[in-house]
Amino acid sequence: MKKNKKILSVIMVFTILLSSVACSTKSQDTPSSDTPATESVSAPDAQTKAQSNAQAHSNPEYTIRYAFTSPQNSQVGKIAEGFKERVETLSDGRITVEMYPDAQLGDKAANLESVRTGELEMCDASASDMSGYNGRWSVFSFPYMYNDSREMLDVVRSDAVFTMLDSDTTAAGFKIITFADFGSRNVFANKAVQTPADAKGIKIRVMNDPILAKTMELMGFSAISLGWSEVYTAMQQGTIDALEQNEALCADNMLFEVANTYSYTEQFRIPGIQYMSTKFYDNLPEDLQKAVIQAGIENEESIYQWFPEYNQKSIDVLKENGVTFVDVDKDSFIQATEPIKDYYFSLNTTPADAQELYDAMIAARSAIRNK
């Protein structure tokens, strides 16, 4: 009996070994090392590469937290999405962008300070907002400087001007990524403002720049500095009677609920800027720094292309919600604001190098107009 069991065990082991060899032989579809390569052999390599790329996108090396005060579904949100798409693609997924709209991380001033200290990687603000860190940037608050947005963008990107701006922001802890076209800024109130006399007694919200505020006062208004995230409530409560902004941001932020008359005063063309923390930027490898800059420049030109249509749709939204658009006596406002430059350059607080920046901007503008 014991002998029979031993024989049976040997037979079972032998059977298992044969089965194993057969299965192994059946599963070997890969050719031997001396088999010529075919197109089908490269398929696993392609799949592996795709998986590696997908893994890189799901496991980025760097995260940019990008804060702004407007809603996600807005001009500012579209600008942020354009940068996100481009930088994530150009970096092959090594950089990812997280967006924080609706002032989730604070108003513009708070976001700028967080970017400066490196607590936040990126934010949206205007060129005039930088005057809090370098006083000569108040030249962006000079009225009626440019004929159109193309002229403005070409001036700030001209070699001499951009070199100064880049040096200023870098010294303050910021890196300029994109200049954004926001069109012209106009008065949005509950009455038409067609001349400086119409502006008398109207409390208007302005950005936190003393020259911008002084300009609006010369136009006849009483200027009140407020963060953008406070504007809707301030209009609702009567803290202010008006604001000055482009059509797109007025529609995006539903300001047609608190104002009904848009007057085309066109006093400012101030570029929006995507600011990045130099602490973050300087720690990026050189190839990713190039990807960030390229993404910004590509996004900048894209904004210039899509903004006019976006702004027109915003005008349509405002009209659908009862907003009246009125033309003004622009020459009367131009004449009223002529003293602003002399006023600025006469101030003891005006930086000594402010004239140099202003002269470079005027020279660039003249070169553009003389082409």
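Here the structure is a predicted model, which means the values were calculated and not measured.

Peer 1: Is there a simple way to think about the confidence of the model for the protein in this case?
Peer 2: Where the model shows low pLDDT, its predicted coordinates should not be examined in detail. In this model, the protein carries an average pLDDT of 88, and 84% of its residues clear a pLDDT of 70 or more. Here residues 46-56 scores under 50 on pLDDT; set against residues more than four positions off or in separate chains, the count is 2 contacts.

Peer 1: Hey, could you run me through the packing of aromatic side chains in this one?
Peer 2: Geometrically, a pair of aromatic rings is defined through the distance of the ring centres and the angle of the planes. Within this structure, the stated rule accounts for 16 aromatic pairs. With centroids separated by 5.1 Å and ring planes inclined at 65 degrees, the aromatic side chains of Tyr133 and Phe174 adopt a geometry described as edge-to-face. With a gap of 41 residues between them, Tyr133 in the loop between strand E3 (122-126) and helix H5 (149-156) and Phe174 in strand E4 (residues 174-180) connect regions that are remote in the sequence. Where Trp137 meets Phe140, the ring centres are 5.3 Å apart and the plane angle is 40 degrees; that geometry is what we call tilted. A residue is classified by how much of its surface remains accessible, and Phe140, at 3% relative accessible area, is buried. Clustering of aromatic rings is evident, with ring pairs tying together Phe142, Tyr344, Phe345 and Tyr358. For the cation-ring pair, Arg157 lies above Phe162, with the distance from its terminal atom to the ring centre recorded as 4.8 Å. Sitting over the ring of Phe325, Lys319 keeps its end group 5.8 Å from the ring centre.

Peer 1: Explanation requested: the sheet that holds strand E8 (residues 242-245) in the structure shown.
Peer 2: Two modes of strand pairing occur in sheets, parallel and antiparallel, and in both the strands are linked by backbone hydrogen bonds. Taken together, 6 strands build an open sheet; the order of strands is E7-E6-E8-E5-E9-E11 and the sheet is mixed. Of all the strands in the sheet, the pair left with one neighbour each is strand E7 (222-225) and strand E11 (324-326). Sheet twist, expressed as the mean angle between neighbouring strand axes with direction ignored, is 35 degrees. In this structure, strand E5 (residues 185-189) lies alongside strand E9 (residues 261-268), joined through 4 bridges in antiparallel fashion. When the sheet's bridge partners are listed, Val187 is paired in E9 with Ser263.

Peer 1: I tried to follow unusual backbone geometry on my own but got confused; where do I start?
Peer 2: If a residue is not glycine, its phi is most likely negative; likewise, a peptide bond is most likely trans. Unusually for a residue other than glycine, Asp92 sits at a positive phi of about 55 degrees. One non-glycine residue, Ala103, adopts positive backbone phi at about 55 degrees. Considering the arrangement of structural elements, one finds Ala103 in the loop between strand E2 (95-100) and helix H4 (108-117). Ala103 gets classed as partly exposed once you look at its relative accessible area, which sits at 22%.

Peer 1: Mind showing me how you'd approach the pairing of strand E6 (residues 203-206) here?
Peer 2: Within a regular strand, the side chains alternate between the two sheet faces. The pairing of E6 with E7 spans 4 bridges and is classified as parallel. From the neighbouring strand, Ile204 faces E7, where its bridge partner is Ala223. One crossover worth recording links E6 to the parallel E7 by way of helix H8 (residues 210-218), and it is right-handed. In the sheet, E6 pairs with E8 via 2 bridges, with the strands oriented parallel. Within the sheet, the bridge partner assigned to Arg205 lies in E8 and is Leu243.

Basis of the calculations
- Residues numbered from 1 in each chain as written.
- Predicted model: local features only at pLDDT ≥ 70, side-chain atom pairs only at ≥ 80, totals over all residues.
- Heavy atoms only, no water.
- pLDDT = per-residue confidence, 0-100.
- Contact = heavy atoms within 4.5 Å.
- Phe/Tyr/Trp six-rings, centres within 6.5 Å; stacked < 30°, edge-to-face > 60°.
- Helix = DSSP H or I, 4+ residues; strand = E, 2+ residues; numbered from the N terminus.
- Buried < 20%, exposed > 50% of the residue type's maximum accessible area, 1.4 Å probe, protein only.
- Lys NZ or Arg CZ within 6 Å of the ring centre and 35° of its normal.
- Pairing = 2+ DSSP bridges.
- Axes fitted to C-alpha atoms, helices over the stretch in contact; angles between N-to-C directions.
- Right-handed = clockwise from strand over helix to strand, strands pointing away.

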